[in-house]
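# Observations on chain architecture
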Protein chains: 2
Amino acid sequence: MDSAVVSNIKKPVGVPEPTVRRMPKYLNLLKSMQKEGDLFVSAPYIARLQGLDNTQVVKDLAYTGITGKPRVGYSIEELILALEDFLGFNRKHEAFLVGAGFLGSALIQYQGFKESGMRIVAAFDIDKQKVGKEIGGVPVFHLEKFRDLASRLHISMGIISTPAGAAQNIADLMAGWGIKAIWNFAPVTIKVPDHVFVQDTHLYANLAVILNKLTHPAK
Amino acid sequence: MDSAVVSNIKKPVGVPEPTVRRMPKYLNLLKSMQKEGDLFVSAPYIARLQGLDNTQVVKDLAYTGITGKPRVGYSIEELILALEDFLGFNRKHEAFLVGAGFLGSALIQYQGFKESGMRIVAAFDIDKQKVGKEIGGVPVFHLEKFRDLASRLHISMGIISTPAGAAQNIADLMAGWGIKAIWNFAPVTIKVPDHVFVQDTHLYANLAVILNKLTHPAK
């Protein structure tokens, strides 16, 4: 039960992406433990609940700069704060979303993002039915307003939830107007300049894996 | 421009997951070319548009059993049919969704899934506000009805769009009542018996990667 294996890595520079992807799950678990009144947690306990290897958990958590103490483990409160800092969840991240269809609307209203510090502050569309309305309190503007608002508000994050055909143009628009990270839900590969980071969430690709498994169950 | 490199692999057994994930993108591209009246396409052309390596495209497409012809390339129509067959998009896949919040509602109404053959036929929730209503024509039942309906309708696919805390119980319920593949949107790792396939779509994990990049832009 010794969870005090320590790494000297302190700053989240060059942190492997799989590690970053696991961080919100740790955060989630720690918060629910905190709610139940727990004060300390051991790496093996986290590992067991997450279905991960103990060494992996210790390595991941070391990136936050927090280390466990022998026999006691990690302070849950300390680890929560460190994880939130690591993930940037304690800063405000304002985002513009383009494509206010079903998926876009769901992203705007999704409660799960609340704690992350990411806030969609405006949505854009070209559909007259949508422009001028509000979704969950977020105004929907015509796409023509994007340039003006993005440059005035210094928005750094963009979300693309348009159909595939429109995505590249929107990506160009975003990259040209100061967006530094794009979350792309459109089922296409978008090309952006080197200084822009793209994270794809291809629902279609995930669905394809499932349907392929169901259709051809032979391993 | 010779796209006729041929592999003998005919059946989608042991197809690498990255290949399966690229298949819907090929399908998407081919369909839009077909709409524009194109009849043939070369692997290098696909590779260029998708930002992929030519060899990779040829290898991927070989899994469909379709091969390109020298100087002509692939028949777009033939390749579309083969891809749909490979992906199981030409079969009907009925799914149950549990968790009819914003995300669940968006998934039910998402037009992008239409062509995949996947159809959400019923949703389940425990919220009295939602039970008994319809979302995009899909009825929302109380979770208590899940067992009965799943066993009667022989549903093989389940979608979990509940909060994290509820997900494992729902996964147990699904696995116990004949679901063979689970699409999990809840931000937790769920455990299932070996014969059940799980595809995670962790929006939170993707967001974490973006916010981490924005917060610590140093490469």
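Residues numbered from 1 in each chain as written. Chains lettered and ligands numbered in written order. Predicted model: local features only at pLDDT ≥ 70, side-chain atom pairs only at ≥ 80, totals over all residues. Heavy atoms only, no water.

Secondary structure assignment for chain A yields eight helices and nine strands. Viewed in the frame of its principal axes, chain A has a C-alpha envelope of about 60 × 50 × 35 Å. Every one of the 219 residues in chain A was classed for burial, and the buried ones make up 53%. A total accessible area of about 10400 Å² is found for chain A, and carbon and sulfur atoms account for 53% of it. Between the averaged position of the 25 positive side-chain charges in chain A and that of its 20 negative side-chain charges there is a distance of 2 Å. (Helix = DSSP H or I, 4+ residues; strand = E, 2+ residues; numbered from the N terminus. Buried < 20%, exposed > 50% of the residue type's maximum accessible area, 1.4 Å probe, protein only. Areas by Shrake-Rupley, 256 points an atom, 1.4 Å probe, with all protein chains shown as cover. Lys, Arg positive; Asp, Glu negative; His and termini not counted. Charge placed at Lys NZ, Arg CZ, Asp CG, Glu CD.)

Turning to the interface of chain B and chain A, a few remarks are in order. Taken together, the 61 residues of chain B in the interface contact 62 residues of chain A. A buried area of about 5800 Å², summed over both sides, lies between chain B and chain A, and 68% of it is on carbon and sulfur atoms. At the junction of chain B and chain A, the tally comes to zero salt bridges. If you look at where chain B meets chain A, you find 14 residue pairs in polar contact (both at pLDDT 80 or more). Of all the secondary structure elements, the ones that give two or more residues to the side of chain B that touches chain A are α1 (17–35), α2 (43–50), α4 (76–87), α5 (102–109), β8 (181–184), β9 (197–200) and α8 (203–215) of chain B. Among the elements that take part in the side of chain B that touches chain A, α8(B) stands out by supplying 13 residues, more than any other. Here the side of chain B that touches chain A is built from residues that sort into 31 nonpolar, 18 polar and twelve charged. (Contact = heavy atoms within 4.5 Å. Buried area = accessible area lost by both parts, 1.4 Å probe. Salt bridge = Lys/Arg side-chain N within 4 Å of Asp/Glu carboxyl O. Polar contact = N/O pair within 3.5 Å; in protein donor to acceptor, adjacent residues only side chain to side chain. Nonpolar A, V, L, I, M, F, W, Y, C, P; charged D, E, K, R; others polar.)

Bringing the sheet that holds strand β5 (residues 134–135) of chain B into the picture now. Read from one edge to the other, the open sheet built from seven strands follows the order β5-β6-β4-β3-β7-β8-β9 (chain B), with strand pairing classed as mixed. The two strands at the open ends of the sheet, each matched to only one other strand, are β5 and β9 of chain B. With two bridges joining them, β5(B) and strand β6 (residues 138–142) of chain B adopt antiparallel strand pairing. Bridging from a neighbouring strand, E134(B) pairs with P139(B) of β6(B). With respect to the sheet, helix α8 (residues 203–215) of chain A is in contact with β3 (93–98), β4 (118–125), β7 (157–160), β8 and β9 of chain B, its orientation differing from that of β9(B) by roughly 175°. (Pairing = 2+ DSSP bridges. Axes fitted to C-alpha atoms, helices over the stretch in contact; angles between N-to-C directions.)

So, about the domain arrangement of chain A. Here the domain parsing of chain A yields domain 1 (17–86) and domain 2 (93–207). Computed from C-alpha atoms alone, the centre-to-centre distance between domain 1 of chain A and domain 2 of chain A is 31 Å. (Domains from an automatic or database assignment.)

Examined against the element boundaries, Y74(B) turns out to sit in strand β2 (residues 74–75). The spacing of Y74(B) and V41(B) is 33 residues in sequence and 5.3 Å in space, taken between C-alpha atoms.

What follows is about the sheet that holds strand β9 (residues 197–200) of chain A. All names here are of chain A. Ordered by their spatial adjacency, seven strands build an open sheet running β5-β6-β4-β3-β7-β8-β9, and the pairing between neighbours is mixed. This sheet does not close on itself; its edge strands, each paired only once, are β5 (134–135) and β9. Both strand β4 (residues 118–125) and strand β6 (residues 138–142) contribute to a ladder of three bridges, which runs parallel. Across the sheet, residue D125 finds its bridge partner in β6, namely H142. Against the sheet, helix α6 (residues 146–153) contacts β3 (93–98), β4 and β6, and its axis sits at roughly 175° relative to β3.

Right, let's talk about the relation of the copies chain B and chain A for a bit. Turning chain B through 180° and shifting it by 0.0 Å along the axis lays it on chain A, with an RMSD of 0.0 Å. What the superposition gives is, in effect, a two-fold axis relating one chain to the other. Residue A106(B) of chain B places its C-alpha closer to the rotation axis than any other residue of that unit, at 2.8 Å. When you check the interface residues of chain B against chain A, 100% turn up at the interface there too, and the contact is symmetric in its surfaces. (Least-squares fit on C-alpha atoms with pLDDT ≥ 70 in both.)

With that out of the way, let us pick up the pattern of salt bridges. This structure, assessed with the given rule, holds eleven salt bridges over all chains. Where E84(A) meets K31(A), a salt bridge forms, and the shortest distance between an N and an O atom there is 3.1 Å. Here the residue E84(A) occupies a position in helix α4 (residues 76–87), and K31(A) occupies one in helix α1 (residues 17–35), the gap between them amounting to 53 residues. The exposure class assigned to E84(A) is buried, which follows from its relative accessible area of 16%. Measuring nitrogen to oxygen at the nearest pair gives 3.3 Å for the salt bridge that ties R119(B) to E94(B). Note that R119(B) is positioned in strand β4 and E94(B) in strand β3, a separation of 25 residues in sequence. R119(B) gets classed as partly exposed once you look at its relative accessible area, which sits at 46%. Several salt bridges converge on common partners, so that one network encompasses D125(A), D127(A) and K130(A).

Turning next to the packing of α4(A) against α8(B). Two numbers describe how α4(A) lies on α8(B): the axes approach to 7 Å, and their chain directions differ by 75°. Judged by the inter-axis angle, α4(A) sits roughly perpendicular to α8(B). Between α4(A) and α8(B), the contacting residues are D85(A), F86(A) and L87(A) on the first element and A208(B), L211(B), N212(B) and T215(B) on the second. Residues that form the contact of α4(A) with α8(B) fall into these classes: four nonpolar, two polar and one charged. (Parallel < 35°, antiparallel > 145°, perpendicular 65-115°, else oblique.)

Closest axis-to-axis distance for the α8(A)/α1(B) pair is 8 Å, and the angle between their directions is 120°. Handedness of the crossing formed by α8(A) with α1(B): right-handed. Residue-level inspection shows Y204(A), A205(A), N206(A), A208(A), V209(A) and N212(A) of α8(A) in contact with α1(B), the latter providing E17(B), V20(B), R21(B) and P24(B). In terms of residue class, the contact of α8(A) with α1(B) is made up of six nonpolar, two polar and two charged. (Left-handed = near helix turned anticlockwise from the far one by under 90°.)

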